[in-house]
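Understanding the architecture of this molecule
Letter by letter, the chains look like this.
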Amino acid sequence: MYDVWKNALAEIEQQISTANFSTWFQDTSLLSTEDGEIKIGVKNSFYVKQLRNRYLDLIKTALENNNITVNNIDFEVQSGTKPKVRPREITPTDTVVKSRIKKVKTELTNQPTNTGLNNKYTLDNFVVGSNNDLAVSAARSIIDSPGDRYNPFFLYGGPGLGKTHLVQAIGNELLKKNPDLKIFYTPISHFYSDFIDAVKLGKGKEFNLKFRKLDVLIIDDFQFIVGKEKSQEEFFNIFNDLYQLNKQIIVTSDRLPSQIKSVDERLASRLTWAGAFDLQLPKFEDKCAILRAKAELMGAEIEPEAIEYIAENVNTNIRDLEGEFSTILLMSEVRGLTPLELIENGAVSVNKTSKLRPVSAKQIVEKVAKYYELPVKEMCGKSRVAHIKTARQVAMFLLSKELSLSTNKIAAEVGVKDHTTVMHGVKKIEKDLKLNFTLRDQIEEIKEKIYG
Ligand code: ADP
Ligand code: MG
């Protein structure tokens, strides 16, 4: 029995990410296979739900490939295989006290300044991962030498991925190095309203002069410039003046300037003269690292399994990740249970994507084909026609993201020869998603159709 399960696990390991495998399968055992009634031992009830919802098909196939008949699969919680963590290392009251202390501290240091900067955003508390390492290294270079290589610094990415944090951190670090620097941070919407007010009061010139005196100008959420022509013109003038004086300009946006409607073409190209840096969605490991750092910062104790559970289930952005994390910590304080105990008791159900809902590979393929009005056979055929190929790649992408299937498995589902084609397809969609908002919407719609 032991060997059968070992072989089945080896096969499962090939099909899913290492992180998923070690999270969900590490402490499982095969208890019985009599009459096709499979019994699998797991460490607690929380795992039963996860395994049943997400990996039933995978387990079935892996067992069948090892000559085991599978009629039904059941899970049994094995007593004695309690979570490895020692949940009682700190008491709930400890957590309350610690987080109170933390709050007092942050209140004292969070005094707003006339730079518009908030000094809670630092580089020290910005976790570097594969989702942001290039942007962070550019940021470091700016801190070393503002107005130099990365000028202007254009940072873009979806909401909640750390744009504001990173550009504010640049401002704070620069100020730390040189308190005399004239730095100003402003969301573009404030720039716009301040400009309108100044003009109304006949103080347009002063407004302009104030900006021209700056050493570093940080503009956040530039995408909201849409439709504000006069402000755009004013910004363009200020931009040119500062640029010529080698002053550092930093701009964030949720998309590239060329994709913001009604942005002057010359301004759009100038904004990305020194390149454009993006922040991407964090991967599982990045999310765990962020949560660990937050826990440390807050002085809160949380079990590694609870961190993995949150990281695994929040797939939207870092803001949501933090939100869920805080909710769980708060509930943990209130209920006097550790975060993992809460999760195991079903008191929290983090579900920021449709990942946990059961859906088969076949259903995904069918929905994608239907969405693009293609017969499944044609989509999963050999056609190189652009729209058919895109549909096929979207199917690959969703199979990978929603079901975490291996590239080999995906290749079989969409009828392509080898797994490198799948890797290429998934990467292509990932890349396109950053810039192609229509595709983004399409994929959201398909997901709604799949799960709706
Ligand atoms: P954006 O401006 O892109 O919408 P924010 O900068 O406001 O996103 O980030 C959202 C939240 O996530 C903030 O609380 C921020 O501190 C946190 N955050 C984002 N990226 C990181 C990171 N790499 N490390 C630590 N915290 C992060
Ligand atoms: Mg922001």
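Residues numbered from 1 in each chain as written. Chains lettered and ligands numbered in written order. Predicted model: local features only at pLDDT ≥ 70, side-chain atom pairs only at ≥ 80, totals over all residues. Heavy atoms only, no water.

The next point concerns the overall build of the protein. Looking only at helices and strands, one finds 20 helices and eight strands in the protein. The buried share of the protein, reckoned over its 452 residues, is 47%. Across the protein, the fraction of contacts at a sequence separation of at least 24, relative to all contacts at a separation of at least 6, is 73%. (Helix = DSSP H or I, 4+ residues; strand = E, 2+ residues; numbered from the N terminus. Buried < 20%, exposed > 50% of the residue type's maximum accessible area, 1.4 Å probe, protein only. Contact = heavy atoms within 4.5 Å.)

Another aspect to go through is helix H20 (residues 437-451). Because the α-helix completes a turn every 3.6 residues, residues three or four places apart line up on one side. In this model H20 runs 21 Å from its N-terminal to its C-terminal C-alpha over 15 residues, within 8% of the 21 Å that 1.5 Å per residue would give. Every buried residue of H20 is accounted for by Leu439, Ile443, Ile446, Ile450 and Tyr451. Angular distribution of buried residues about the axis of H20 spans 120°; they occupy a single face of the element. Exposed positions of H20 whose direction lies more than 90 degrees from the buried face are Thr438 and Glu448. If you follow the buried residues of H20, they end up packed against helix H15 (361-371), helix H17 (386-403) and helix H19 (419-435). Capping the start of H20 is the job of one residue whose side-chain oxygen sits 3.1 Å from the backbone nitrogen of Thr438: Asn436. (Expected span 1.5 Å × (residues − 1). Arc of directions from axis to C-beta. Polar contact = N/O pair within 3.5 Å; in protein donor to acceptor, adjacent residues only side chain to side chain.)

What follows concerns the sheet that holds strand E8 (residues 276-278). With parallel pairing, five strands are arranged side by side in an open sheet as E5-E6-E7-E4-E8. Both outer strands of the open sheet, strand E5 (183-187) and E8, are each paired with one neighbouring strand and no more. Direction aside, the axes of adjacent strands within the sheet are offset by 15° on average. With four bridges joining them, strand E6 (residues 216-220) and strand E7 (residues 248-253) adopt parallel strand pairing. (Pairing = 2+ DSSP bridges. Axes fitted to C-alpha atoms, helices over the stretch in contact; angles between N-to-C directions.)

Right, let's get into the packing of aromatic side chains. Considering all chains together, one arrives at 15 aromatic pairs under this definition. Relative to Phe207, the ring of Phe195 lies with its centre 5.4 Å away and its plane at 50°, an arrangement referred to as tilted. Taken together, the residues Phe195 in helix H7 (residues 188-200) and Phe207 in helix H8 (residues 204-212) connect sequence positions 12 residues apart. The same class applies to Phe195 as to Phe207, namely buried. On the basis of an interplanar angle of 50° and a centroid distance of 4.9 Å, the ring pair of Phe207 and Phe211 is categorised as tilted. Taken together, the positions of Phe207 and Phe211, both in helix H8 and four residues apart, correspond to about one turn of that helix. A relative accessible area of 6% means that Phe207 is categorised as buried. Connected via pairs of aromatic rings, a cluster forms that spans Phe184, Phe191, Phe195, Phe207, Phe211, Phe222, Phe235, Phe239, Tyr243 and Trp273. (Phe/Tyr/Trp six-rings, centres within 6.5 Å; stacked < 30°, edge-to-face > 60°.)

Relative orientation of the contacting elements H8 and helix H9 (residues 229-244) amounts to 35°, with a least axis distance of 10 Å. Note that H8 runs across H9; the crossing there is right-handed. On H9, the residues touching Gly204, Phe207, Asn208, Phe211 and Arg212 of H8 are Glu234, Asn237, Ile238, Asp241 and Leu242. Of the residues in the contact of H8 with H9, the class split is four nonpolar, three polar and three charged. (Left-handed = near helix turned anticlockwise from the far one by under 90°. Nonpolar A, V, L, I, M, F, W, Y, C, P; charged D, E, K, R; others polar.)

General note: in soluble globular proteins, nonpolar side chains tend to be found buried as a group. In this structure, Ile12, Phe25, Ile40, Ile59, Leu63 and Ile310 are the most contacted members of the largest nonpolar core, which totals 47 residues. If you tally residues by element for this core, the top one is helix H3 (residues 45-64), at eight residues. When residues of this core are assigned to domains, at least three fall in each of domain 1 (2-77) and domain 3 (284-344). Ignoring any residue separated from it by four or fewer positions in sequence, one finds Ile310 in contact with Leu291, Ile302, Leu321, Glu324, Phe325 and Ile328. Counting residues in hydrophobic clusters, the runner-up holds 33 residues, among them Val359, Tyr372, Ala395 and Leu403. (Core = buried A, V, L, I, M, F, W, Y, C linked by side-chain atoms within 4.5 Å. Domains from an automatic or database assignment.)

For the coordinates displayed, the defined rule picks out one cavity of 30 Å³ or more. Lining the largest cavity are Thr23, Trp24, Phe25, Gln26, Asp27, Thr28, Val42, Lys43 and Tyr47. Partitioning the lining of the largest cavity into residue classes produces four nonpolar, three polar and two charged. (1 Å grid on protein atoms, 1.4 Å probe; cavity = no way out; pocket = protein on both sides within 12 Å on 5 of 7 lines; lining within 4 Å. Points joined across faces, edges and corners; volume = space filled by probe spheres on them.)

Turning our eyes to something else, we now look at the sheet that holds strand E1 (residues 29-32). Spatially, E1-E2-E3 is the arrangement adopted by the three strands of the open sheet, whose pairing is mixed. Whereas interior strands pair on both sides, the edge strands pair on one side only; in this sheet they are E1 and strand E3 (72-77). Sheet twist, expressed as the average angle between the axes of neighbouring strands with direction ignored, equals 35°. Pairing of E1 with strand E2 (residues 37-42), which is carried by three bridges, proceeds in the antiparallel orientation. Residue pairing across strands places Ser32 opposite Lys39, the latter belonging to E2.

Time to look at the confidence of the model for the protein. When pLDDT is averaged across the protein, the result is 86; 89% of the residues are at 70 or more. Taken together, the stretch residues 81-113 has pLDDT below 50 and engages in 37 contacts with residues farther than four places along the chain or on a different chain. (pLDDT = per-residue confidence, 0-100.)

Turning our eyes to something else, we now look at the pattern of salt bridges. The final tally for this structure, using the stated rule, is 14 salt bridges. Of the charged contacts, one joins Lys362 and Glu366 as a salt bridge, the two residues approaching to 3.6 Å between their closest N and O atoms. Residue Lys362 and its partner Glu366 are both found in helix H15; the two are separated by four residues, about one turn of the helix. Put simply, Glu444 and Lys447 hold a salt bridge, and the shortest N to O gap is 3.7 Å. With Glu444 and Lys447 both in helix H20 and three residues apart, the pair spans about one turn of that helix. Owing to a relative accessible area of 42%, Glu444 belongs among the partly exposed residues under this scheme. Put simply, Glu402, Glu444 and Lys447 are held in one network by salt bridges that share partners. (Salt bridge = Lys/Arg side-chain N within 4 Å of Asp/Glu carboxyl O.)

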